[in-house]
Amino acid sequence: MKAWIDGKIIDGSDAVVSVMDHGFLYGDGVFEGIRITHGRVFRLDDHLARLENSAKLISLELPASVAELREATLATAAAFGEREAYVRLIVSRGVGPFGVDPTPCPEPRFICLVGSVVLYPEERRRQGLRLVTAAVRRPSPDVLDTRVKSLNYLNNIQAKLQAVRAGVDDALLLNQAGRVAEASVANVFCVRGGALATPALSEGPLGGITRDSVLKIAAAQGIEAREEPLTRYDLITADEVFLTGSGAGLIPVAELDGRVIGSADERPMLARLTHALDAFRQENGALIPGI
């Protein structure tokens, strides 16, 4: 792994931050997870725009311009030198005294990490994921706006931990009204009668970049795609269900709470979209110098 920290690119094992950084102490910061594929950083400008918006919403000033963060990201990716990789951009509040007051933190810190990531084995990708409905719920927007990719991922972690303890792959998070929001770190789509559906952003999911890419691909290919409220019933009775995320890409869901979804041998929509997404990634990535 390579890391950009304090204006230098170093090995990830040598990267350190102060224990008094408020990102470490309180989870006070924002981040982005980005896919590198075909030697390109996928939709880098869109990720940077979301990072900037997340920071703005929590009154966190970026420590450099978006153009400078973009340059640092590409330089770190070039130093890592792989055509397929994962990028984590982090902006923390920076070093400050004990206490949740962020105003004594004078210098926000930007860190870029580039390395390899494998979220699910290939066998699971073929067979599909097994999900369980999490006991914890997504917070409502008046508690924490889910459009902010905060460093505090405790809600997602608790959901994932429940899945691990249940012996399955991931957890489905419902919102306060009991409708589908997202998986622990991915958006959710279902397929019925050749049409796509995914929870509307008002239902509490993060507006994922891969989610948005699937919607754009669907529009370009004439596939009906709706953003609407969904329940567990809609997923369990669907023809197909799949998750989308920067790290995972597109991955099928085979079971929810022990109920089999669709057929493992027939996932035509997922196959079509996976092929289309690969081409879309090649067309919508920032080229890494020297890769």
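Okay, so let's go over this structure. (Residues numbered from 1 in each chain as written. Predicted model: local features only at pLDDT ≥ 70, side-chain atom pairs only at ≥ 80, totals over all residues. Heavy atoms only, no water.)

Reading across from one edge, S2-S1-S6-S5-S3-S4-S16 is the order of the seven strands in this open sheet, with antiparallel pairing throughout. Here the strands that pair on one side only, and so sit at the sheet edges, are strand S2 (8-11) and strand S16 (285-287). On average, each strand axis in the sheet is tilted by 25° relative to the strand beside it, whichever way the strands run. Sheet topology places strand S3 (residues 29-37) next to strand S5 (residues 85-92); eight bridges connect them, and they run antiparallel. The residue of S5 that forms the bridge with Ile36 is Ala85. Contacts between helix H3 (residues 66-80) and the sheet are confined to strand S1 (2-5), S2, S3, strand S4 (40-42), S5, strand S6 (109-115) and S16, with S6 contributing the most and set at about 30° to the helix. (Pairing = 2+ DSSP bridges. Helix = DSSP H or I, 4+ residues; strand = E, 2+ residues; numbered from the N terminus. Axes fitted to C-alpha atoms, helices over the stretch in contact; angles between N-to-C directions. Contact = heavy atoms within 4.5 Å.)

With respect to burial, strand S13 (residues 240-245) is a largely interior element, six of its six residues being buried. By the bridge criterion, five bridges tie strand S10 (residues 187-192) to S13 in an arrangement that is antiparallel. Counterpart to Asn187 in the pairing with S13 is Thr244. Sheet topology note: the S13/strand S14 (residues 249-256) ladder contains four bridges and is antiparallel. Residue Gly245 lies in a different strand from S14, and its bridge partner there is Gly249. Linkage of S13 to S14, two consecutive antiparallel strands, is achieved through a turn of three residues. (Buried < 20%, exposed > 50% of the residue type's maximum accessible area, 1.4 Å probe, protein only.)

Across all of its chains, the model carries three aromatic pairs by this definition. When the ring of Phe31 is compared with that of Tyr153, the centres are 5.2 Å apart and the planes differ by 75°; the resulting orientation is edge-to-face. Taken as a pair, Phe31 in strand S3 and Tyr153 in the loop between strand S7 (129-137) and helix H5 (154-165) lie far apart in primary sequence, 122 residues in all. With a relative accessible area of 6%, Phe31 lands in the buried category. (Phe/Tyr/Trp six-rings, centres within 6.5 Å; stacked < 30°, edge-to-face > 60°.)

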